[in-house]
Amino acid sequence: MSGHGAPTITLDAGAEQQPLRVAVIAASWHREVMDGLLAAAQAAAADAGLTDVTVVTVPGTFELSVAAARLAPHYDALVALGVVIRGGTPHFDYVCQSATLGLTQVSVNTGVPVGFGVLTCDNEQQALDRAGLPGSSEDKGREALEAAVATALTLRSTLAQQD
């Protein structure tokens, strides 16, 4: 099970004097899975005390990177949500690699944490199992939001100590 060993992240971003600016970028393919991922990320944001989270929708997972690149200068953290399900052609490999490398590049080049909530699954059932829906065994939308926000808070705190 991929969730085994995951850390428990407790966030209180609402207690910050200057609230974090967070954007969630969501792909449009696989609506049922994406609805679960997005709802879970929004619930995690609310639980963390974040009251103003921008949601941006793009056509597919391939487009997440360009949206993240344009949004990064305006936000403290980004969350990228998408679903790619393996088919009978190499398209799966190209999209997964492009999204992974593109989102990594955005994060490293800008210093803005990007929560990676892109599901790369062999079949639709694997995606549903990770979507944070009732009956799902994992909640990758929540995990991606928590990772991005926790990293942003850590960086903010660390850099403030150096000033």
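Note that the structure is predicted; figures quoted are calculated from it, not measured.

Asks: Residue-level account of the UniProt feature "binding site: (2S)-2-hydroxy-3-oxobutyl phosphate" (unreviewed entry) in the protein, with values.
Replies: Sequence positions flagged by UniProt for "binding site: (2S)-2-hydroxy-3-oxobutyl phosphate" (unreviewed entry) are, in local numbering, Gly88, Thr89 and Arg130. Secondary-structure assignment places threonine 89 in the loop between strand E3 (77–85) and helix H3 (91–110).

Asks: Describe in detail the pattern of salt bridges, supporting the description with residues and values.
Replies: Throughout the structure, instances matching the rule amount to 11 salt bridges. Of the charged contacts, one joins aspartate 122 and arginine 86 as a salt bridge, the two residues approaching to 2.8 Å between their closest N and O atoms. Here aspartate 122 is found in the loop between strand E4 (114–121) and helix H4 (124–130), whereas its partner arginine 86 is found in the loop between E3 and H3, with 36 residues between them in sequence. In this structure, lysine 140 engages glutamate 138 in a salt bridge whose closest nitrogen and oxygen atoms are separated by 2.9 Å.

Asks: An account of the UniProt feature "active site" (unreviewed entry) in the protein is requested, with residue identities and associated values reported.
Replies: The UniProt entry lists His91 under the feature "active site" (unreviewed entry), expressed in the numbering used here. One can find histidine 91 in helix H3.

Asks: Could you give an account of the sheet that holds strand E2 (residues 53–58), naming the residues involved and the relevant values?
Replies: Read across the sheet, four strands follow the order E2-E1-E3-E4 without closing on themselves; strand pairing throughout is parallel. Each end of this open sheet is capped by a strand with a single partner; those strands are E2 and E4. The mean inter-strand angle of the sheet, taken between neighbouring strand axes irrespective of direction, is 15°. Strand contacts of helix H1 (residues 31–47): strand E1 (22–27), E2, E3 and E4, with the helix running at about 160° to E3, the strand carrying the most contacts. Taken strand by strand, helix H5 (residues 140–162) contacts E1, E3 and E4, and its axis lies near 150° from that of E3.

Conventions we followed
Residues numbered from 1 in each chain as written. Predicted model: local features only at pLDDT ≥ 70, side-chain atom pairs only at ≥ 80, totals over all residues. Heavy atoms only, no water. UniProt positions renumbered as here; feature names shortened; annotations may be inferred. Helix = DSSP H or I, 4+ residues; strand = E, 2+ residues; numbered from the N terminus. Salt bridge = Lys/Arg side-chain N within 4 Å of Asp/Glu carboxyl O. Pairing = 2+ DSSP bridges. Axes fitted to C-alpha atoms, helices over the stretch in contact; angles between N-to-C directions. Contact = heavy atoms within 4.5 Å.

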